[in-house]
Amino acid sequence: MPTLHKADIVRQLLEGRPRLPCRQEGRAFAPSNIALCKYWGKRNDELNLPVTDSLSVSLGELGTTTVVAPLPDAPTDVVRLNGTPVPARSKFARGVTGFLDLVRPAPDFRYHVDTVNTVPTAAGLASSASGFAALALAVNDLCGWELSDRALSILARLGSGSAARSVYTGFVQWHAGAAEDGMDSFAEPLPHLWPALRIGLVKVSTAPKDISSREAMKVVRHTSALYETWPVKVAHDLAVVLGAIESGDFGLLGQTAESNALTMHATGLGAWPPILFWLPESVAAMHKVWALRETGHALYFTMDAGPNLKLLFLEDAQPAITDAFPGLEVVTPFPAT
Ligand code: PMV
């Protein structure tokens, strides 16, 4: 089978649908998400196909709103981020235009893209998941494709793996799939709600990372002996997290998510060159979590490819946790409607 490119997948997804916009603008919101069982390692770098399933919880109202419109007679796309135009050569604009290249009706067709992140930049949260999900949903709206949720999850995945989970709210499972074209690699929402669940964003640093998650996954997968055990660990943790969500066992959920994150980070230490996202302040925050747990607080953390911690706790514990972590941004993933 010849190597498949993103454009081949988009052709399949859009078969029979016109690429020309059918309205003046398309608009969408997508939430950020935090993985409780991480996506770490690709079996296909071009299509962002993961080695394992992963499971996340979306961050309620924190995420990205994107408006896309045709831009006639323009030499390039115009991309705005939080109200400010970004240079066409910037990493952000290249990410957006690269994704739009997949859906343009003609090579010289241009778009205006307005992206607003409701994730506070200071929270140090990656916005690529919500960003590419919102872009995929907005283009779907602009062109009136009415793609299924499954197709939208696949389309968003082509922008960034974790974006496959950001087309939904709440708990979301991304099925790794096995097909070469990745048509069975999409996310689905779980029906469970957990209104008392809280996520605290501990800002350690917002400086750009030394290494992207894409690069880090590649180095780890190819050089870390510890990666061999990762798929086994994920299969175990995923089953436990699903059970914990079903039974409402917060301690089990938190413990498993924390262990999953620490194991993901451990695979980086076994890589060459070694990868360690933590800063001294990250380790200090971990010790604080563990000390609070010693004194009876049900508090856990998870971390992604960066130095910031995301705390997991329940509503009742919020006063004690915000006392211990001044300035903590607290998110309610299942807001009361
Ligand atoms: O979607 P990417 O390429 O930014 O990768 C995200 C990877 C982690 O955030 C570390 C884990 C995850 O499942 O979100």
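Keep in mind that this is a model prediction, so the values were computed, not measured. (Residues numbered from 1 in each chain as written. Predicted model: local features only at pLDDT ≥ 70, side-chain atom pairs only at ≥ 80, totals over all residues. Heavy atoms only, no water.)

In the neighbourhood of the ligand, 13 residues make up the surrounding shell, with Y39, S160, S162, R165 and S213 lying closest. Between an oxygen atom of the ligand and a side-chain N or O atom of S160, the distance comes to 2.9 Å. At 3.5 Å from an oxygen atom of the ligand is found a main-chain nitrogen or oxygen belonging to G161. Per-class residue counts for the shell around the ligand are five nonpolar, five polar and three charged. (Near = heavy atom within 4 Å. Polar contact = N/O pair within 3.5 Å; in protein donor to acceptor, adjacent residues only side chain to side chain. Nonpolar A, V, L, I, M, F, W, Y, C, P; charged D, E, K, R; others polar.)

Let's shift gears to the pairing of strand β8 (residues 171-174). The side chains of a regular strand alternate between the sheet's two faces. In β8, alternate side chains face the same way, and those of F171 and Q173 on one face and V172 and W174 on the other are all buried. Examined bridge by bridge, strand β4 (residues 54-70) and β8 share four bridges and lie antiparallel to one another. Paired with L55 across the strands is Q173, a residue of β8. (Buried < 20%, exposed > 50% of the residue type's maximum accessible area, 1.4 Å probe, protein only. Helix = DSSP H or I, 4+ residues; strand = E, 2+ residues; numbered from the N terminus. Pairing = 2+ DSSP bridges.)

Summed over all chains, the structure comprises eight aromatic pairs. These aromatic residues form a ring-pair network of at least three members: F171, W194, F250, Y300 and F334. For the cation-ring pair, K288 lies above F325, with the distance from its terminal atom to the ring centre recorded as 4.5 Å. (Phe/Tyr/Trp six-rings, centres within 6.5 Å; stacked < 30°, edge-to-face > 60°. Lys NZ or Arg CZ within 6 Å of the ring centre and 35° of its normal.)

The next thing to look at is unusual backbone geometry. Here the bond from W272 into P273 is cis, since omega is -5 degrees, no more than 30 degrees from zero. By the secondary structure assignment, P273 is in the loop between α7 (250-269) and α8 (280-294). Positive phi outside glycine occurs at N48, with the angle close to 50 degrees. Given a relative accessible area of 0%, N48 falls into the buried group. One non-glycine residue, D73, lies in positive phi territory at about 60 degrees.

Okay, the pattern of salt bridges next. All told, the structure shown has twelve salt bridges when counted by the stated rule. For the salt bridge of D101 with R104, the shortest nitrogen-to-oxygen distance reads 2.8 Å. A residue is classified by how much of its surface remains accessible, and R104, at 9% relative accessible area, is buried. Beyond isolated ion pairs, a larger network of salt bridges with shared partners links K38, D304 and K310. (Salt bridge = Lys/Arg side-chain N within 4 Å of Asp/Glu carboxyl O.)

Attention shifts here to the packing of helix α3 (residues 128-143) against helix α4 (residues 149-159). At their nearest, the axes of α3 and α4 sit 8 Å apart, and the two run at 130 degrees to each other. Comparing the axis directions of α3 and α4 gives the class oblique. The handedness of the crossing between α3 and α4 is right-handed. Of the residues in α4, those touching α3 at F132, A133, A136, L137 and N140 are L152, L155, A156 and G159. (Axes fitted to C-alpha atoms, helices over the stretch in contact; angles between N-to-C directions. Parallel < 35°, antiparallel > 145°, perpendicular 65-115°, else oblique. Left-handed = near helix turned anticlockwise from the far one by under 90°. Contact = heavy atoms within 4.5 Å.)

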